[in-house]
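Commentary on secondary and tertiary structure
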Amino acid sequence: MPQSKANVERLKRRLLQDLVQQNVELIHGRRARRPAPRRFPYLRLLLLTSALALLLLSTAVIGSPRLLSTLAAAPAGPPPIRLAAAALPARSSLPAPAPPAGAATATLAALPAVLPATVIDPAVLPLAVHKIAIDAGHGGDSQGTRTALGLLEKDVTLDVARRLRRLLEEQRGFDVIMTRQDDSAVSLADRAAVANRLGADIFVSVHVNWIGDRASRGIETYYLGPTNDPNLSHLAALENRDSGYSMADMRQLLDGIYAGVRQDKSRQLAEVVQGALFRSLGRVNPGIEDRGVKSAPFIVLLSTRMPAILAEVSCLSNAEEARLLASPAYRQHIAEALAGGLRAYASLAGGGAAGDGG
């Protein structure tokens, strides 16, 4: 009996070694070798099934967004490593990055011993949201947009961000990180670094729009991605001017631009928040337009390691919306709409059903 038990343990170890080796080869883009046939195929199947079930059970019990951070992006800067050699989205023209030396070993060591040989579906990882980073756009010398009467975007976004913080902390029970708390200049690199260092689960950058057509008005929400729209490219270039990154930094950021899980969660976050903003603000601003959810290459979204969005909550270029934005009551409505959307996303991301968000 002891000898039989020892044989089973040896077989378990060999099977686990094979699984890890296959994933390492997949990460490096090599075809995984087919293991040599062994005796007791039914036992091999049973062990593989049990190991995968154990992995899924452990992720459900842990329920931590830190696991997503490990899967979607390697800590402290290196490009993210996916568990299988998944291709980049078809719309991206960037080449798939090669993992840096030693990164695969370090990441595998931090994960459970048994890794599936396919990409993990984000749906099996309920990701609780406890800590939210709020980024008030612009600040200091970076004024953003402004009206002829002197209403500045940087002042509007800071006021909305402060109101949102109070709502999230007092009514929703979230921990909140502010990338700036006063009229100070903070580079885009530092904004993302604060959120990354303090372990935010989601990142929301608050901005006010300026549209060439002064009759246009409304809200739109962005997540990270490419765009073929020249207007959005111009807007991204303006927003990215004060990034604080060098050209050497940029390559490393671009290598990690399409971490699949993070981008999917960012798009979902953008959709929920956009819907909440439109429904809520439409009650006090009937002429508001739903300008939709869009992808754009904003650096402040690119350099975060958690789901991240940029919300253009109204238009200063439109006279009526500029008048509303000068009102503290309307800014409170914006903050409440954002809080409702974030609460709905947190419920959805954690495995619950999203509420109205309005």
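Please read these numbers as outputs of a predicted model, since none were measured by experiment.

A count of helices and strands for the protein chain gives 12 helices and 6 strands. With 358 residues in all, the protein chain has 49% of them scored as buried. Split by element, the accessible area of the protein chain, about 17,200 Å² in all, is 56% carbon and sulfur.

Let us look at the environment of Gln171. As for its placement among the helices and strands, Gln171 is situated in helix α5 (residues 153-172). By relative accessible area, which is 55% here, Gln171 ends up exposed. Considering only alpha carbons, one finds Gln171 and Ala339, 168 residues apart in sequence, at a separation of 9.4 Å.

Across the 6 residues of strand β1 (residues 131-136), 5 count as buried, placing the element largely inside the fold. Examined bridge by bridge, β1 and strand β2 (residues 175-178) share 4 bridges and lie parallel to one another. Residue pairing for β2: Ile132 is matched across the bridge by Val176. Each parallel crossover has a hand, and the one from β1 via α5 to β2 is right-handed. As paired strands, β1 and strand β3 (residues 202-209) are joined by 5 bridges and run parallel to one another. Residue pairing for β3: Ile134 is matched across the bridge by Val204.

Glancing now at the confidence of the model for the protein chain. Mean pLDDT over the protein chain stands at 73; residues scoring 70 or higher make up 53%. Of the regions scoring below 50 in pLDDT, residues 35-40 engages in 7 contacts with residues more than four places distant in sequence or in other chains. Scored below 50 in pLDDT, residues 352-356 makes 8 contacts in the model with residues more than four places away or belonging to other chains.

A word on the side chain of Asp135. With respect to the helices and strands, the residue Asp135 is situated in strand β1. Of the residues examined, Asp135 reaches a relative accessible area of 1% and is grouped as buried. Dropping the residues within four chain positions of it, Asp135 is found in contact with Thr179, Arg191, Phe203, Val204, Ser205, Val206 and Val300.

Bringing α5 into the picture now. Taking 1.5 Å as the rise per residue, α5 with 20 residues should run 28 Å; its terminal C-alpha atoms sit 27 Å apart, in good agreement. Listing the buried residues of α5 in full gives Glu153, Lys154, Val156, Thr157, Leu158, Asp159, Val160, Ala161, Arg163, Leu164, Leu167 and Leu168. Buried-residue contacts for α5 involve β1, β2, β3, α11 (319-325) and α12 (328-349). Backbone geometry just after α5 places Gly173 at a positive phi near 75°.

What counts, and at which threshold
Residues numbered from 1 in each chain as written. Predicted model: local features only at pLDDT ≥ 70, side-chain atom pairs only at ≥ 80, totals over all residues. Heavy atoms only, no water. Helix = DSSP H or I, 4+ residues; strand = E, 2+ residues; numbered from the N terminus. Buried < 20%, exposed > 50% of the residue type's maximum accessible area, 1.4 Å probe, protein only. Areas by Shrake-Rupley, 256 points an atom, 1.4 Å probe, with all protein chains shown as cover. Pairing = 2+ DSSP bridges. Right-handed = clockwise from strand over helix to strand, strands pointing away. pLDDT = per-residue confidence, 0-100. Contact = heavy atoms within 4.5 Å. Expected span 1.5 Å × (residues − 1).

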